[in-house]
Amino acid sequence: MNIHSPTNRNVQVLGIDAGGTMTDTFFVDSDGDFVVGKAQSTPQNEALGLIASSEDGLGNWGLSLDAALKQLQTGVYSGTAMLNRVVQRKGLKCGLIVNRGLEDFHRMGRAIQAYLGYAYEDRIHLNTHRYDPPLVPRNLTRGVVERIDMSGTVVIPLREDSVREAARELIAADVEGIVISLLHSYKNPAHERRVRDIVTEEIGRSGKTIPVFASADYYPVRKETHRTNTTILEGYAAEPSRQTLKKISDAFKDRGTKFDFRVMATHGGTISWKAKELARTIVSGPIGGVIGAKYLGEVLGYNNIACSDIGGTSFDVALITQGELTIKNDPDMARLVLSLPLVAMDSVGAGAGSFIRLDPYTKAIKLGPDSAGYRVGVCWKESGIETVTVSDCHMVLGYLNPDNFLGGAVKLDRQRSVDAIKTQLADPLGLSVEDAAAGVIELLDSDLRDYLRSMISGKGYSPQSFVCFSYGGAGPVHTYGYTEGLGFEDVIVPAWAAGFSAFGCAAADFEYRYDKSLDINLAPDAPADQREAAAKTLQAAWEELTHNVLEEFKLNGYAPEQVTLQPGYRMQYRGQLNDLEIESPLPNASTAEDWEQLVDAFNTTYGRVYAASARSPELGYSVTGAIMRGAVPIPKPKIPKEPLEGETPPEEAKIGTRKFYRKKRWVDAQLYRMEALRPGNRVVGPAIIESDATTFVVPDGFETFLDGHRLFHLKEV
């Protein structure tokens, strides 16, 4: 990591993770060395937290922000601003054009939207189910006369006068965007694109500037609720987020940068903030960590990785199996079902900033799901927080150094945490302050451990065959607690855990992806002419998607010959409900023999994901979608490789002791400065390893070893 070194550097890459609590930055120089910065997030103006975090990181290299920005070649942003805008329903005023007679389907949604995010016990009580307000209200929804059937055949021609009437009414209502989503337009987009053109004409006549979003241009996929929700997001949330990203990009350009910021997208690549399909960036921060873990695994040879990320607001888990990510095509987010390729992740609303409350009747402890965010907890006097958080428990138990939070930039007060926990938790429960705080941490760790175990076992695996990566600002504080007893092959905490998602952003490819729904069904004994036709249908979809991908790169100044294309497809056995995403072994397909190669690739993947014995070729095959990805190479961070030294940590790494409470007793924990530990050092608990950006807790019964890549390996002893 090379933290303290000469300033004759050439800084190349900036990765950003603007979370709800902290903003992390990750700078990479031309040698692949990197440094991490951290600062509190500033939701009112994200650029402020971003600049503070950048200055914090570059200070370790003795570089000014202005000097570094002039050298930077590329920057990648990830954050939660767009998702927060959707959750809070604070998007733009949009109008929606659908088929006449279907004006209510958007607000009706799908049944699952009535209970998304609810605990199981709440789902079984129907009176608790509710629908959130629709992104577009009924009074801004208009129907037009037309109908294309499920095969793409025109049943009712488009009545253009109905389109002009709808467009004029929405324009008169002063909408800030118009979304068009017609039934089965993914099969035949002709009517929807004609509606788009007419609406654009009417907007031109009005003298106004209103963007138009047709689902066939953005998300030509089946399931009208998913497709409509996602296309609405382009106007409702992506456009204002685009302005936020433009401000960040402009603020950095004003200080000397020469590039446009890229943004982490849901499929795991990065795209420009100018990209047409910006809704693909609705959730980007947690995905950065998964991409970082995948990159680290590729470099170091870890195939099966359980990714666990604890920040201030949530615990995010994802699995990498045999070096591959799982992509969900119909994810849900902010209680909406969507049509986006999303790196499969699960999230629990429990992080270091989560509020802790007692049920007034049962006295049961309830964690979250709401959080103090960047305000930490009661322990920060300036926070204005009165409800205790998990961080307050950390303070009471001796996990955290009140004088070294964010390197001392934020001063915390342990006594404030003690007083608040005594009043809110300890006295009502009849416990000491220490036992009440320890009980909260044990409950959180137990919940997270059970969740992690169920994630792995629910997919048919055992923790013993996985390496667990623990990261995020609060990950190293809890690593021992939520991995204890699970039997992972290894538990790894990177020294740059606090900025690991930003590291993942810096390691992500510059990649665009487009998808299209298909319906290709072949019997197992289909003749050669049918197999050839199937291959050509898939190829035609790839060519259409290739055009879209290359157009996106053209916006960023890349010629087609600079782009590496990778076609893919989604396939399943006929009659099955779930398909698999397959990377095509062929650059194009046009013959019956090509079709057989595609089928073989699917069978191989199916046997790996499930079991070889579960393969069912006798059912025949269905292709449900075509995929095209395009990428251009970018510089990536180099994983550190330093020679191992002795097991005994140097004396200068020891910075005293601190009382630490666990299992009903106080012990003296040896304190270490993380950056001063050397590769090969072994630290036996009870110990606390401190960095400006995070704290790594090693209790009694555990030890950790720092390898030459600056990865800590945690083991139970």
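Computed from a predicted model, the values in this text were never measured in an experiment.

So, the pairing of strand S9 (residues 177-180)
Right, on to step 1. Of the two faces of S9, the one holding Gly177 and Val179 and the one holding Ile178 and Ile180 are both buried throughout.
Right, on to step 2. With four bridges connecting them, strand S5 (residues 94-99) and S9 associate as parallel partners. Within S9, the residue paired with Ile97 across the bridge is Ile180.
Right, on to step 3. In the sheet, S9 pairs with strand S10 (residues 212-214) via three bridges, with the strands oriented parallel. By the bridge assignment, Ile178 is partnered in S10 with Val212.

Points about the sheet that holds strand S32 (residues 695-698)
Right, on to step 1. Here we have four strands laid out as an open sheet, ordered S28-S29-S31-S32, and mixed in their pairing. Each edge of the sheet is formed by a strand with only one pairing partner; in this case those strands are strand S28 (654-662) and S32. Averaged over all pairs of adjacent strands, the angle between their axes in this sheet comes to 25°, without regard to strand direction.
Right, on to step 2. Examined bridge by bridge, strand S31 (residues 687-690) and S32 share four bridges and lie antiparallel to one another. Directly across from Ile688, in S32, lies its bridge partner Val697.

What about the packing of aromatic side chains?
Right, on to step 1. Across all of its chains, the model carries 31 aromatic pairs by this definition.
Right, on to step 2. Aromatic side chains Tyr573 and Tyr606 sit 4.9 Å apart centroid to centroid with 70° between the ring planes, which places their arrangement in the edge-to-face category. Residue Tyr573 is located in strand S25 (residues 564-573), and its partner Tyr606 is located in helix H17 (residues 592-609); the two are separated by 33 residues in the primary sequence.
Right, on to step 3. Plain terms: the ring middles of Tyr606 and Tyr610 are 4.7 Å apart, the flat faces sit at 45° to each other, and that makes the pair tilted.
Right, on to step 4. On the basis of relative accessible area, Tyr606 is assigned to the buried category, the value being 8%.
Right, on to step 5. Through a chain of ring-to-ring contacts, three or more aromatic side chains come together here, namely Phe26, Phe34, Tyr295, Tyr471, Trp496, Phe500 and Phe503.
Right, on to step 6. In this arrangement the basic side chain of Arg262 is found over the ring face of Phe510, its NZ or CZ atom lying 5.0 Å from the centre.

Notes on the pairing of strand S24 (residues 510-522)
The two faces of a sheet get side chains in turn, since along a regular strand they alternate between them.
Right, on to step 1. The buried fraction of S24 amounts to eleven of the 13 residues, a majority that puts the element mostly inside the structure.
Right, on to step 2. Bridging between S24 and strand S27 (residues 621-632) involves eleven bridges; their strand directions are antiparallel. Considered in S27, the bridge of Asn521 is made with Ser622.

Focus: the side chain of Lys38
Right, on to step 1. With respect to the secondary-structure elements, Lys38 resides in strand S3 (residues 34-40).
Right, on to step 2. At 2.6 Å, the side chain of Lys38 and the side chain of Asp24 are in polar contact.

Comments concerning the sheet that holds S10
Right, on to step 1. The sheet built from four strands is open, its strands ordered S6-S5-S9-S10 with parallel pairing. In this open sheet, the two edge strands, each paired with only one partner strand, are strand S6 (141-144) and S10. Going across the sheet, the axis of each strand differs from the next one's by a mean of 20°, ignoring polarity.
Right, on to step 2. In this fold helix H6 (residues 160-172) packs onto S5, S6 and S9, with an angle of close to 170° to the strand it touches most, S6.

Some words on the environment of Tyr451
Right, on to step 1. By the secondary structure assignment, Tyr451 is in helix H13 (residues 433-457).
Right, on to step 2. For the pair Tyr451 and Asp346, spaced 105 residues apart in sequence, the C-alpha separation works out to 9.4 Å.

A short note on the UniProt feature "domain: Acetophenone carboxylase-like C-terminal" (unreviewed entry) in the protein
Right, on to step 1. Mapped onto this structure's residue numbering, the UniProt feature "domain: Acetophenone carboxylase-like C-terminal" (unreviewed entry) falls at residues 526-717.
Right, on to step 2. As a span, residues 526-717 carries 24% helix and 34% strand, and end to end its C-alpha atoms are 59 Å apart.

Focus on helix H16 (residues 528-555)
Structurally, the α-helix is built with 3.6 residues per turn, so residues lying three or four positions apart point the same way.
Right, on to step 1. Taking 1.5 Å as the rise per residue, H16 with 28 residues should run 40 Å; its terminal C-alpha atoms sit 41 Å apart, in good agreement.
Right, on to step 2. One or two positions beyond H16, positive phi appears at Gly557, with a value near 85°.

Thoughts on the packing of H6 against helix H7 (residues 190-206)
Right, on to step 1. It is the contact of H6 with H7, at a shortest axis distance of 9 Å, that shows an interaxial angle of 45°. As far as their axial angle goes, H7 and H6 are oblique. The way H6 lies across H7 gives a crossing that is right-handed. Here Glu160, Val163, Arg164, Ala167, Arg168 and Ile171 of H6 lie close against H7, whose contacting residues are Arg194, Val195, Ile198, Val199, Glu201, Glu202, Ile203, Arg205 and Ser206.
Right, on to step 2. When its residues are assigned to classes, the contact of H6 with H7 shows seven nonpolar, one polar and seven charged.

Reading guide: rules and limits
- Residues numbered from 1 in each chain as written.
- Predicted model: local features only at pLDDT ≥ 70, side-chain atom pairs only at ≥ 80, totals over all residues.
- Heavy atoms only, no water.
- Buried < 20%, exposed > 50% of the residue type's maximum accessible area, 1.4 Å probe, protein only.
- Helix = DSSP H or I, 4+ residues; strand = E, 2+ residues; numbered from the N terminus.
- Pairing = 2+ DSSP bridges.
- Axes fitted to C-alpha atoms, helices over the stretch in contact; angles between N-to-C directions.
- Phe/Tyr/Trp six-rings, centres within 6.5 Å; stacked < 30°, edge-to-face > 60°.
- Lys NZ or Arg CZ within 6 Å of the ring centre and 35° of its normal.
- Polar contact = N/O pair within 3.5 Å; in protein donor to acceptor, adjacent residues only side chain to side chain.
- Contact = heavy atoms within 4.5 Å.
- UniProt positions renumbered as here; feature names shortened; annotations may be inferred.
- Expected span 1.5 Å × (residues − 1).
- Parallel < 35°, antiparallel > 145°, perpendicular 65-115°, else oblique.
- Left-handed = near helix turned anticlockwise from the far one by under 90°.
- Nonpolar A, V, L, I, M, F, W, Y, C, P; charged D, E, K, R; others polar.

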